[in-house]
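# Understanding the architecture of this molecule
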Protein chains: 2
Amino acid sequence: MPHRYFTKEIAGGHAVLSGEDAHHLARVMRAKLGQTVILCDGNAVEYTGTITAFGPDTVEFAVSEGYPTAAEPGVEMTLFVGYPKQDKLEQILQHGTELGIAHFVPFFSRYCVAAPKKEEQKNARYARIVLEAAKQAGRGVIPEVALALENFGAVCRALKGFDAVLFFYECGGVSLASALKAYRAAKPGTAPRPKLALITGAEGGFAPEEAAAAAAAGAVTVGLGPRILRCETAPLAAAAAVLALTENLE
Amino acid sequence: MPHRYFTKEIAGGHAVLSGEDAHHLARVMRAKLGQTVILCDGNAVEYTGTITAFGPDTVEFAVSEGYPTAAEPGVEMTLFVGYPKQDKLEQILQHGTELGIAHFVPFFSRYCVAAPKKEEQKNARYARIVLEAAKQAGRGVIPEVALALENFGAVCRALKGFDAVLFFYECGGVSLASALKAYRAAKPGTAPRPKLALITGAEGGFAPEEAAAAAAAGAVTVGLGPRILRCETAPLAAAAAVLALTENLE
C-alpha cells in the first residue's frame, strides 16, 4: 500500500509536502523520483502524487485528478464527550478518529471529576493526537477537536443543525437501532450524509436535570445495554454501533 | 443501586462473602446488619442478600430465590485476539469484559511482534483484571482468559462447536451484518444463546495463509470498514457491532 500524507498545497496538477512529512518521505522512507504516494487534502479528496523533485525541506509532486476518499463513513458523527480524568480523553480521541468521528466536542458537566486547566494548551496537543490517528487510520478528513464547553447547557445550545441527536444515558433509553430507524422515517431521503450527534458522559454520568435538558433540546435518549461501560468505552461502542447499524462498518 | 459481589458460597438460602470483598463491604462500605446487597454466583444467577452476621473476615447473608442476571448478552462471545505489544491486551480484556465477552483466547501468529514470556504469571494477572472489570460492569459471569495459543494453527483447531466464526480481516470481507444474517438463515431456531467466535489480529495483522486457514476451518471473513483500526480498537468495535446487530446493546 503506498504511503499517505495530508497536505493543503495541492493545485493545478501540482502538490508540495513540507515539514515533518517531507522529512519522513525523503529521509526516513528514502523515496525516489518517480515514486507514487497518496496525497489527501484533508477535505475527503485524494490524489495520486508522483515525486518530481526534492527540495531542502520539501517534496514536490505531479498529481492525478482528485477522487473522493473511500475512508469517510456515510454519516458525519460529532461526539460530545464528558471530560474524563487522566489520559482517557486522549484514548477516546485516538480510537474515535480511527472509527471515523468527524468532530469532537469535550464538555464539563455536573458530575465531571476533571476540572478545566490549561485547556488551550491541551487542545493543541489533542489536535496533534487526532492528526496522527487520522494518518494511521487512513482517514480522508482530519477531525476537529473543539475547546471544551464549560457546562451541559452549552452542549444543549450546540445541538441545532443535526439530523439526529443521540444522548447515551447510563439509566437506559430506547435502542439505538430504533432511534436510527425513527429519525430515518421522520426525514426520508433528506441529507445524503446525515449529521449525527452522539453524547456520552464522564465518569460520574449525567445528572437527571441534564438528561431532561438534552431531551428538551431534541435529543433521543438511548441505552447501551445492561452492562456498565466505562466513560472511555461508551463513546467507542456507541460509534461502532452507529457505524454497524448504518452500513458504515463494511 | 445496591453493591454487587461475586461469591461461590451460596446454598440453602445462605451465603458467605470472604477475603477482600468481605473487608470492602464491612470496613470500607461500613455495611450494617439487615442491609441488602446483590450477590452473583458468577454463573449468571443473582440473589438479593441480607446481612445476618459479621465474622472476623467474613460477612454472612440470608439470600432470596436466585434470578437470572439481566447483564449477560444473548450471544456467548469468545474473542480470539492476536497477542499485542505493551499493555494493550489488558485494555482489550478490561473493555471487552465491559462489553460482555465471555471467553478471551490470546494467540501468537506469524506477524505478532510480542513474544511469549512468563505467560502463566501474566495469565493470573489477566484473570484479576477481568474479575475487577466484571464487578465494575455488573456482569453476571466472570469471563475466562485462556493461556495464549502458540500459533494460528492452534486457533484453527479450536474453532469447533461455535454457531458462527467471524474472522475480522484487515483486507476486508463480507459485512458483519450479512455474516450474521447468513448464519441465522443456515441455523434457524437452533441455539437459544448462540456461541460466536470473533477473531482479531495483533499489530501486524494476519498472513494470507492464516486468512486462508481460518476460512478452511469454517470462519467467515468479515471486514470492519475502510478505516485502519488499531489492534486494541478492532476487537472492541467488533464486539460492539455484534451486540448492536443482535439486539444486545439495548
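Note: the structure precedes this text.
Residues numbered from 1 in each chain as written. Chains lettered and ligands numbered in written order. Predicted model: local features only at pLDDT ≥ 70, side-chain atom pairs only at ≥ 80, totals over all residues. Heavy atoms only, no water.

## Points about the overall build of chain A
Within chain A, the regular secondary structure consists of seven helices and 13 strands. Across its three principal axes, chain A shows a C-alpha extent of roughly 60 × 45 × 30 Å. Evaluated residue by residue, chain A yields a buried proportion of 51% over its 250 residues. When contacts within chain A are restricted to residue pairs at least 6 apart in sequence, those whose partners lie at least 24 apart make up 74%. Surface exposure of chain A reaches about 11200 Å², of which carbon and sulfur atoms provide 55%. Of the charged side chains in chain A, 24 are positive and 26 negative; the average position of the first set lies 4 Å away from that of the second. (Helix = DSSP H or I, 4+ residues; strand = E, 2+ residues; numbered from the N terminus. Buried < 20%, exposed > 50% of the residue type's maximum accessible area, 1.4 Å probe, protein only. Contact = heavy atoms within 4.5 Å. Areas by Shrake-Rupley, 256 points an atom, 1.4 Å probe, with all protein chains shown as cover. Lys, Arg positive; Asp, Glu negative; His and termini not counted. Charge placed at Lys NZ, Arg CZ, Asp CG, Glu CD.)

## Considering helix H6 (residues 208-216) of chain A
All names here are of chain A. By the burial criterion, the buried members of H6 are Glu210, Ala211 and Ala214. All buried residues of H6 project into a common sector of 100° when viewed along the axis, lining one side. Looking at the buried side of H6, the elements it contacts are helix H4 (152-157) and strand E11 (164-168). Among the residues trailing H6, glycine 218 stands out with phi positive, at a value near 105°. (Arc of directions from axis to C-beta.)

## Describing the interface of chain B and chain A
Residue-level contacts link 35 residues of chain B with 35 residues of chain A. Roughly 3000 Å² is buried in total at the junction of chain B and chain A, and carbon and sulfur atoms are behind 57% of that figure. Of all residues in chain B, the largest losses of buried area upon contact with chain A belong to Glu98, Arg227 and Leu249 of chain B, amounting jointly to 23% of the total for that side. Our count for the chain B to chain A interface comes out at two salt bridges. Across the pair glutamate 98 of chain A and arginine 230 of chain B runs a salt bridge, and its minimum N-O distance is 3.5 Å. The tally of links between chain B and chain A comes to 18 residue pairs in polar contact (both at pLDDT 80 or more). Counting residues per element, the ones that place at least two in the side of chain B that touches chain A are helix H2 (88-99), helix H3 (119-137) and helix H7 (234-245) of chain B. It is H7 of chain B that provides the largest number of residues to the side of chain B that touches chain A, a total of six residues. Each residue belonging to the side of chain B that touches chain A can be placed in one class, and the counts come to 17 nonpolar, eleven polar and seven charged. (Buried area = accessible area lost by both parts, 1.4 Å probe. Salt bridge = Lys/Arg side-chain N within 4 Å of Asp/Glu carboxyl O. Polar contact = N/O pair within 3.5 Å; in protein donor to acceptor, adjacent residues only side chain to side chain. Nonpolar A, V, L, I, M, F, W, Y, C, P; charged D, E, K, R; others polar.)

## Digging into the sheet that holds strand E10 (residues 144-145) of chain B
All names here are of chain B. Spatially, six strands are ordered E10-E9-E8-E12-E11-E13 in an open sheet, and the strand pairing comes out parallel. The outermost strands of the open sheet, each flanked by one partner alone, are E10 and strand E13 (220-222). As defined by bridge partners, strand E11 (residues 164-168) adjoins strand E12 (residues 195-200) across four bridges and the pair is classed as parallel. Across the sheet, alanine 164 pairs through a bridge with leucine 196, a residue of E12. Taken strand by strand, H2 contacts strand E8 (76-82), strand E9 (103-107) and E10, and its axis lies near 155° from that of E9. (Pairing = 2+ DSSP bridges. Axes fitted to C-alpha atoms, helices over the stretch in contact; angles between N-to-C directions.)

## Remarks on the pairing of strand E4 (residues 36-40) of chain A
A regular strand places its side chains on the two faces of the sheet in alternate fashion. All names here are of chain A. By the criterion of burial, E4 is predominantly enclosed, with four of the five residues buried. The pairing of strand E1 (residues 4-6) with E4 spans three bridges and is parallel. Opposite arginine 4, over in E4, you have isoleucine 38 as the bridge partner. Pairing between E4 and strand E5 (residues 45-54): five bridges, direction antiparallel. Of the residues in E5, the one forming a bridge with isoleucine 38 is threonine 48. A loop of four residues connects E4 with E5, the two strands running antiparallel in sequence, and glycine 42 in this loop sits at a positive phi of about 75°.

## Quick word on the environment of lysine 8 of chain A
All names here are of chain A. The topology assignment puts lysine 8 in the loop between E1 and strand E2 (10-11). Between the alpha carbons of lysine 8 and aspartate 41 there is a distance of 5.3 Å; along the sequence they are 33 residues apart. For lysine 8, the side chain forms a polar contact with the main-chain oxygen of aspartate 41, separated by 3.2 Å.

## Things to note about the sheet that holds E11 of chain A
Strand-to-strand pairing in sheets goes through backbone hydrogen bonds, with the strands running parallel or antiparallel. Residue and element names in this part refer to chain A. Pairing is parallel across the open sheet formed by six strands, whose spatial order is E10-E9-E8-E12-E11-E13. Only two strands of the sheet have a single neighbouring strand rather than two, namely strand E10 (144-145) and strand E13 (220-222). Sheet strands touched by helix H2 (residues 88-99): strand E8 (76-82), strand E9 (103-107) and E10. Its angle to E9, the strand with the most contacts, is close to 155°. Taken strand by strand, helix H7 (residues 234-245) contacts E8, E11 and strand E12 (195-200), and its axis lies near 150° from that of E12.

## Points about the packing of H7 of chain A against H7 of chain B
At their nearest, the axes of H7 of chain A and H7 of chain B sit 8 Å apart, and the two run at 55° to each other. One way to sum up the angle between H7 of chain A and H7 of chain B is to call them oblique. Between H7 of chain A and H7 of chain B the crossing geometry is right-handed. Where H7 of chain A approaches H7 of chain B, its residues Ala237, Ala240, Ala241, Ala244 and Leu245 of chain A are matched on the opposing element by Ala237, Ala240, Ala241, Ala244 and Leu245 of chain B. When grouped by side-chain class, the residues that make up the contact of H7 of chain A with H7 of chain B number ten nonpolar, no polar and no charged. (Parallel < 35°, antiparallel > 145°, perpendicular 65-115°, else oblique. Left-handed = near helix turned anticlockwise from the far one by under 90°.)

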